[in-house]
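# Commentary on secondary and tertiary structure
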Amino acid sequence: MADSYEEIIRQTFLEEAEQSLADIEQCIIEIDRYSSRKKIYPSEISSNFANLFRLVHNLKGSSAGVGFSKVSDLSHILETFLTTIKNENFQISGETCDFILECNDFFRKMIVKISQNPDSQFDLKYFDNKAEQQLSSMKTNIPSDNKTEQKKEPVAEITEQKKEPVAEITEQKKESVTEIAEQKKEPVTEIYNDNKLSGEQTVMTEPSSSTAPVQEREQLTKDESIRVRMYQIEQLNNYVGEMVVMQTVLNQQKTELNQELLSKVIPQMDKTVKEIQNLSLGLRMIPISQLFTKIQRVCRDTSRAVGKEVELTLEGEQTEVDKTIIEKISDPLVHMVRNSIDHGLESKEERLRIGKEPIGHVTLRCYHDGGHVIIEVSDDGAGLNKKLIEEKAIKNKLIPENHNLREDDILNLIFHGGFSTKDTATDVSGRGVGMDVVLTNIQSLSGEIDIATHPGKGSTFKISVPLSLAVIDGVVANVNTNRYILPMSQVFESVKISPEDLDKASGVGTIFNLRGKNIPVIFAHEILSEKSSSKEFYTAVIIRKHGFEPYAVLVDEILKQQQIVVKPISKALKFTRSLIGTAILGDGLPAFIIDLFDVSQYVKGLAKS
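The following paragraphs examine the structure supplied in this document. (Residues numbered from 1 in each chain as written. Predicted model: local features only at pLDDT ≥ 70, side-chain atom pairs only at ≥ 80, totals over all residues. Heavy atoms only, no water.)

Along the backbone of the protein chain there are 16 helices and 20 strands. Split into buried and exposed, the 609 residues of the protein chain put 45% on the buried side. Long-range pairs, those at least 24 residues apart, make up 69% of the contacts in the protein chain between residues at least 6 apart in sequence. (Helix = DSSP H or I, 4+ residues; strand = E, 2+ residues; numbered from the N terminus. Buried < 20%, exposed > 50% of the residue type's maximum accessible area, 1.4 Å probe, protein only. Contact = heavy atoms within 4.5 Å.)

Let us look at the sheet that holds strand E16 (residues 538-543). The strand order E12-E16-E17-E15-E14-E13 describes an open sheet built from six strands, whose pairing is mixed. Of all the strands in the sheet, the pair left with one neighbour each is strand E12 (493-497) and strand E13 (502-505). Across this sheet, the average inter-strand angle for adjacent strands is 40°, counted without regard to direction. The sheet contact formed by E16 and strand E17 (residues 551-555) spans five bridges and is antiparallel. Within E17, the residue paired with Ile-542 across the bridge is Ala-552. (Pairing = 2+ DSSP bridges. Axes fitted to C-alpha atoms, helices over the stretch in contact; angles between N-to-C directions.)

What follows is about a nonpolar patch on the surface. Taken together, the side chains of Leu-250, Val-265 and Met-269 define a hydrophobic patch exposed on the protein surface, amounting to about 210 Å² of accessible area. Checked against the element boundaries, Val-265 lands in helix H8 (residues 260-282). A relative accessible area of 42% places Val-265 in the partly exposed class. (Patch = residues over 30% accessible without salt bridge, like charges linked within 9 Å, V, L, I, M, F, W, Y side chains within 5 Å. Areas by Shrake-Rupley, 256 points an atom, 1.4 Å probe, with all protein chains shown as cover. Salt bridge = Lys/Arg side-chain N within 4 Å of Asp/Glu carboxyl O.)

This model, assessed by the stated rule, comprises six aromatic pairs. Relative to Phe-68, the ring of Phe-13 has its centre 5.6 Å away and its plane inclined at 45°; by these criteria the two rings are tilted. In this pair, Phe-13 is assigned in helix H1 (residues 2-35) and Phe-68 in the loop between helix H2 (46-65) and helix H3 (69-88), connecting sequence segments 55 residues apart. Assessed through its relative accessible area of 2%, Phe-13 is described here as buried. (Phe/Tyr/Trp six-rings, centres within 6.5 Å; stacked < 30°, edge-to-face > 60°.)

Helix length check: helix H5 (residues 125-138) (14 residues) gives 20 Å between terminal C-alpha atoms against 20 Å at 1.5 Å per residue, within 8%. Those residues of H5 not exposed but buried are Phe-127, Ala-131, Gln-134, Leu-135 and Met-138. Burial along H5 is one-sided: seen end-on, the buried residues are contained in an arc of 95°. H5 presents Lys-125 and Gln-133 as exposed residues on the side facing more than 90 degrees away from its buried surface. The inward-facing, buried residues of H5 contact H3 and helix H4 (94-116). (Expected span 1.5 Å × (residues − 1). Arc of directions from axis to C-beta.)

Quick look at the pattern of salt bridges now. Pairing is possible between side chains that carry opposite charge, provided their charged atoms lie close to one another. As enumerated under the stated definition, the model contains 20 salt bridges in all. Put simply, Lys-323 and Glu-327 hold a salt bridge, and the shortest N to O gap is 2.5 Å. Of the two residues, Lys-323 and Glu-327 both sit in helix H10 (residues 323-344), four residues apart, roughly one turn of that helix. Judged by relative accessible area, Lys-323 falls into the partly exposed class, the value being 30%. Measuring nitrogen to oxygen at the nearest pair gives 2.9 Å for the salt bridge that ties Lys-356 to Glu-346. With Lys-356 in the loop between helix H11 (348-353) and strand E6 (360-369) and Glu-346 in the loop between H10 and H11, this pair connects stretches of sequence that are 10 residues apart. The residues Lys-356 and Glu-346 share a single accessibility class, namely buried. What emerges from the salt-bridge pattern is a single network uniting Glu-25, Asp-32, Asp-98, Asp-105, Arg-108, Arg-297, Arg-300, Asp-301 and Arg-304.

Once that is clear, we can look at the environment of Ile-511. Inspection of the secondary structure puts Ile-511 in strand E14 (residues 509-514). Residues Ile-511 and Val-521, 10 residues apart in the sequence, show an inter-C-alpha distance of 5.1 Å. Setting aside anything within four residues of it in sequence, one finds Ile-511 in contact with Asp-501, Leu-502, Asp-503, Ala-505, Asn-518, Ile-519, Pro-520 and Val-521.

Given below as C-alpha cells:
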C-alpha cells in the first residue's frame, strides 16, 4: 500500500512539473521581452523575477520530497544563480535568458526520462560550470551607483512570508495533491496547485494579514477543480454518444408511438440529453493559451536564429478548443509562425529603409465562429510575392508557362510538397515541407485554410477547424438504396438538378452550369462502388475546398440534417477511399460518413486523365 501511495505521489509530481516548467518558460519569455529592448536589472522586473524564483524554489522542494534528487540539484543550481543575480543586482541579458531556458529544456528531458525510468541519472556539471561563467561575465556590467549598495535580502524571502512549515497534506480546499518537502531545512510555505482541466494555475499562500479581500478568498473556493484521467473522459463521451443515438431513435419514432405522455417526455429528455452532451464534450475543451505559450518560445528562438526583432501579440488566449484539435493544430501553427518571421518579415535594415518600424509584428488570434474555431496568423511584413511563387512553380514544372491560374490558385502553390521560394535550405526553412504539413494536418481535421496578402503590408493565414471531432452536424443522403452522411462543415450548398442539366466537357468530364459557371460533377455511386440509379432529379452537393475550384457530388436525394456522433471506422475498412467514420441513425441502422474533401483527389485524377 505504501509503495502504491509513493507511486501516486511521484506520478502527481511528474504531471504537475510539466505545468511548472511551462510557467517558468513563460516568465523567462516575459523577462527576455524587456531585456531585448533595454538593459534591465532584477529590481526593474521584480514581479516576473520573483515569480520565476518562486517556481524554481517550489520545483526544488517538491522534487526533493518525492526522491528525484537530480531534478532538485539542477533546481538548486538555477536557484543559486537567480539569488546571486538578485543580491548583486547583475544586469539581465538575452544570454542570461538563454541559459535559464536551456536549464528548463533539460528539466523537460529529465522529466521524460524519469517517467520512463525513475532511477535515471544525469550529469549536471555542464550547468554548474556555465552558471559560474555567466555570473563571472555579469560582474563587468554592474552599474556604478549600485556597487556600494547595502546587502540585499536573500531572494528566498520572496516566497517565505511566514516561516511556519506546512503540516497538512490532505486538508486543502482545492482537493489537489500538494508537495511538502524539506530542502536544507527550508520550510516550503507555498502550495502549488496545477489545474490541468481549466488550463489555469493557482498559487495559495498564507495571507500576510487579516485584511486580505474577502472576494478573493471566495473566488478561490468557487473555482475548484480536480484532476481527471483522460480515459475516464473518453468513456464518459462514449456513453453520452450512445445516449444521443438512443435519443435520436426515440425522436424518430415518437410520432408512430402516438401517446400523449411520451410525446411530452421525449422533447424534455431531448433537451436534457443535449445539456449532458455539451457538458461532457466541454470536459475535453481546454484554453488555447497552452498552445500559444509554446508559440511564444518558437517566436523567440526563430527571431534570434534569423536575426530579426519580432513582437508577438496574442489575442483570444482563453478560447476553448478540443484537446485533440489542439494537439493536431500545434505543428501547423509552429510552421506558420516560423514562416511569418523568416519569409514574411523584412530585416531590420530593410524595414527602416522603407519607413517601417524596425521591430516586426506577428499576431496570433483565436476565436469561435459558429461551429468552428478560427485561428489567424498575421504579420506586417512584405506579403507573399505572387510573381516569385509563379516563377518557382514554372521552374519546378508544377504549372505550365502559359497557365491561366487565378491569383488565389497561385498563392495556394506554397502548400505543394517540396515547394519553397528559397534557393537554399536553412535550419529555419527552405525545404518545402512546412506548409505541406500545415495543409495535411488541417485537412485531417476537416478544416480549411485561406490566405489574404497585401504587398508591402503583410499576410494573414486563416485556419478554420471544427469545434469538436466527436460530434458533427451532418446531412443524411441517399445513394442508390443506401444512406450516407455528409459533414455539414464540408457542404457549401445543395442544388436540385435533372439529368438534362448535365453536360460533357473535353478534358473535364461531366459538368453542369451553376449560375453561369461550369462545375465539374462526380457521381457519388462511382466513388462508393454503388449501382447507378435512374432518377428524374439529383441533388448536387457543392463543395468548395481550399486550393480547388468548386465541384459537385451528385447524390440521389438529401433526407434530413441531424447531429451525428462519430464512431471510428472498422479496421477492415480504414483504407477505403473517402470514408472517415460511421454513425448510428434514428432507426438504429449504421451509415458511413463521407469525407467530401477527399473526393477532390478523384477530381484531380479526372483532370489529369
